Amino acid sequence: MSADTDATADSSAPMRADARRNREQILRAAREVFADQGPDAPLDEIARRAGVGIATLYRRFPRRADLHRGVAVEVLTALGEAAHRAAAEEHDPYLALRRFMHAALDLKIGSVMPSLLGRFTVDDILDGVPGDAVDPVDALLVRAQAQGRIRLDVVLGDITLMIVRLSRPLPGGGRFSADDALAHRQLDVYIDGLRPTGSPRPTTELGGPAVDAVAFKRFREQMIGEAYDAQADDD
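Please read all numbers here as calculations on a predicted model, not as lab measurements.

Enquirer: Explain the nonpolar core to me, and be specific about the residues and the numbers.
Expert: Among the nonpolar cores identified, the biggest contains 55 residues, and Ile46, Leu67, Val71 and Phe100 are the most heavily contacted of them. Those elements that place two or more of their residues in this core are α1 (13-37), α2 (43-50), α4 (64-89), α5 (93-106), α6 (109-116), α8 (134-146), α9 (156-166) and α10 (179-193). Sequence-distant contacts of Ile46, defined by excluding residues within four places in its chain, comprise Ile26, Ala29, Ala30, Val33, Phe34, Leu57 and Leu67.

Here it is, written out as structure tokens:
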């Protein structure tokens, strides 16, 4: 029996661990591919990125719809885990909220979930998610506001919807290599804007690339040129 066999087919721990690892690798790869290429992307590409054979992918997810649902559940589950972990491990609710927002950005939720819309119902997904991120994140926000760390007119949507916006790739199919690092830099600028008027200046240095006017002109030229070349190839 191969290491790809489902956990229910073998009681040994190594087999279960291998099957679980294969599934995690497939879901992680599918998340990236769907974000870049859409939900109808080739399954061979997902298997290649996951480092598994196509037969292994089909054993885990017999239908494409199973993979769509698996990715959505995996992303929302990881989002909830990130919220609970930040709340449990950070004493300061402002720092916990910042930690959660950066973790959520890494999940690329603004790219993955929109690409899968129309492929399942709300109940299809939420029934498979063990914990919703909304309540713990809202609780962190309320605590941070009570401590004077975040302005009082900020609401949950200001947190979640900004993550969705920043986790979308830049125009040009995400070809800008520093896209992810730049998104984290911009998130820190945004988080600083959540602080009340008169708060002490932030001490955390901005990470990621500093795209000044010269760098932006180069990036603009690259983005437009690559988009034109891609369109020419399609024609």
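What follows picks up the thread again.
Enquirer: Describe the side chain of Ser111, naming the residues involved and giving the relevant values.
Expert: Tracing the sequence through the fold places Ser111 in helix α6. A polar atom in the side chain of Ser111 sits 2.6 Å from the backbone oxygen of Ser167. For Ser111, the contacting residues outside a window of four places in its chain are Ala35, Ser167, Arg168 and Pro169.

Enquirer: So what's going on with the environment of Asp179? Which residues, and what values?
Expert: The residue Asp179 is located in helix α10 in this model. Measuring from C-alpha to C-alpha, the distance between Asp179 and Ser167 comes to 9.3 Å, with 12 residues separating the pair along the chain.

Enquirer: So what's going on with the environment of Gln25? Which residues, and what values?
Expert: Within the secondary structure, Gln25 is located in helix α1. The spatial distance from the C-alpha of Gln25 to the C-alpha of Gly51 is 7.6 Å, given a sequence separation of 26 residues.

Enquirer: Talk me through α6; I want residue IDs and the actual numbers.
Expert: Of all 8 residues in α6, 7 are buried, a share of seventy percent or more. Within the span of α6, buried status applies to Ile109, Gly110, Ser111, Val112, Met113, Ser115 and Leu116. Once α6 finishes, Gly118 follows within two positions and takes phi at roughly 90°, a positive value.

Enquirer: Can you break down the packing of α5 against α9 residue by residue, with the values?
Expert: Where α5 contacts α9, the axes come no closer than 9 Å and their chain directions differ by 35°. The handedness of the crossing between α5 and α9 is right-handed. Between α5 and α9, the residues in contact are Leu97, Phe100, Met101, Ala104 and Leu105 and Ile159, Ile163 and Leu166, respectively.

Enquirer: Explain the packing of α4 against α6 to me, using residue names and the numbers behind them.
Expert: Axis angle and axis distance: for two packed helices, these are the angle between their axes and the distance between the axes, and together they describe the pair. Running from N to C, α4 and α6 cross one another at 145°; their axes reach a closest spacing of 10 Å. As for the relative orientation of α4 and α6, their crossing is left-handed in sense. Here α4 contributes His68, Val71, Ala72, Val75, Leu76 and Leu79 to the contact with α6, which in turn contributes Ile109, Val112, Met113 and Leu116. Residue classes in the contact of α4 with α6 are distributed as 9 nonpolar, 1 polar and no charged.

Enquirer: Requested: an account of the pattern of salt bridges, with residues and values cited.
Expert: Applying the stated rule across the entire model yields 15 salt bridges. Arg63 is the salt-bridge partner of Asp66, the closest N and O atoms lying 2.9 Å from each other. Exposure remark for Asp66: the relative accessible area of 24% places this residue in the partly exposed category. Two residues, Arg98 and Asp188, come together in a salt bridge whose shortest N-O distance is 2.9 Å. Separated by 90 residues along the polypeptide, Arg98 in helix α5 and Asp188 in helix α10 bring together distant segments of the chain.

Enquirer: Any chance you could break down unusual backbone geometry for me, citing the residues and the numbers?
Expert: With the exception of glycine, the majority of residues adopt a negative phi angle, and the majority of peptide bonds are in the trans configuration. Its identity as a non-glycine residue notwithstanding, Lys108 has a phi of 55°, on the positive side. Within the element layout of this structure, Lys108 appears in the loop between α5 and α6. The partly exposed category is assigned to Lys108, whose relative accessible area is 23%.

Enquirer: Now, about the confidence of the model for the protein: what can you tell me, with residues and values included?
Expert: Detailed reading of the predicted coordinates is not advisable wherever pLDDT falls low. Per-residue confidence for the protein averages 84 on the pLDDT scale, and 89% of its residues sit at or above 70. Across residues 1-15, confidence stays below pLDDT 50; counting only partners more than four residues off in sequence or on other chains, it has 22 contacts.

Procedures and definitions
The residue count restarts for each chain, going from 1 along the sequence in the order it is written. Given that the model is predicted, a residue must reach a pLDDT of at least 70 before its local features are reported, and side-chain atom pairs must reach 80 or more before they are shown or counted; all residues, however, enter totals for whole chains, interfaces and linings. Derived side-chain values reflect all non-hydrogen atoms in the structure, with water molecules and hydrogen atoms excluded from consideration. Definition used in this section: a nonpolar core is a set of buried Ala, Val, Leu, Ile, Met, Phe, Trp, Tyr and Cys residues joined via side-chain atoms within 4.5 Å. Each residue is assigned to one of three classes by its accessible area relative to the maximum for its type, calculated with a 1.4 Å probe on protein chains only: buried under 20%, partly exposed between the two thresholds, exposed over 50%. Numbering of helices and strands runs from the N terminus; a helix is a DSSP stretch of H or I covering at least four residues, while a strand is a stretch of E covering at least two. Any two residues whose heavy atoms approach within 4.5 Å are treated as being in contact. Here a polar contact is taken to be a pair of N or O atoms separated by no more than 3.5 Å, where protein atoms must pair a possible hydrogen donor with a possible acceptor and residues adjacent in sequence count only if both atoms sit in side chains. Helix axes use the C-alpha atoms of the stretch in contact, all axes being lines fitted to C-alpha atoms, and the angles between their N-to-C directions lie in the range 0 to 180 degrees. Left-handed describes a crossing in which the near helix is turned anticlockwise from the far one by less than a right angle; the clockwise case is right-handed. Gly is put with the polar residues, along with every residue not named as nonpolar or charged; the nonpolar set is Ala, Val, Leu, Ile, Met, Phe, Trp, Tyr, Cys and Pro, and the charged set is Asp, Glu, Lys and Arg. The term salt bridge refers to a side-chain nitrogen of Lys or Arg lying within 4 Å of a carboxyl oxygen of Asp or Glu. The predictor's confidence in any single residue is recorded as pLDDT, a number from 0 to 100.

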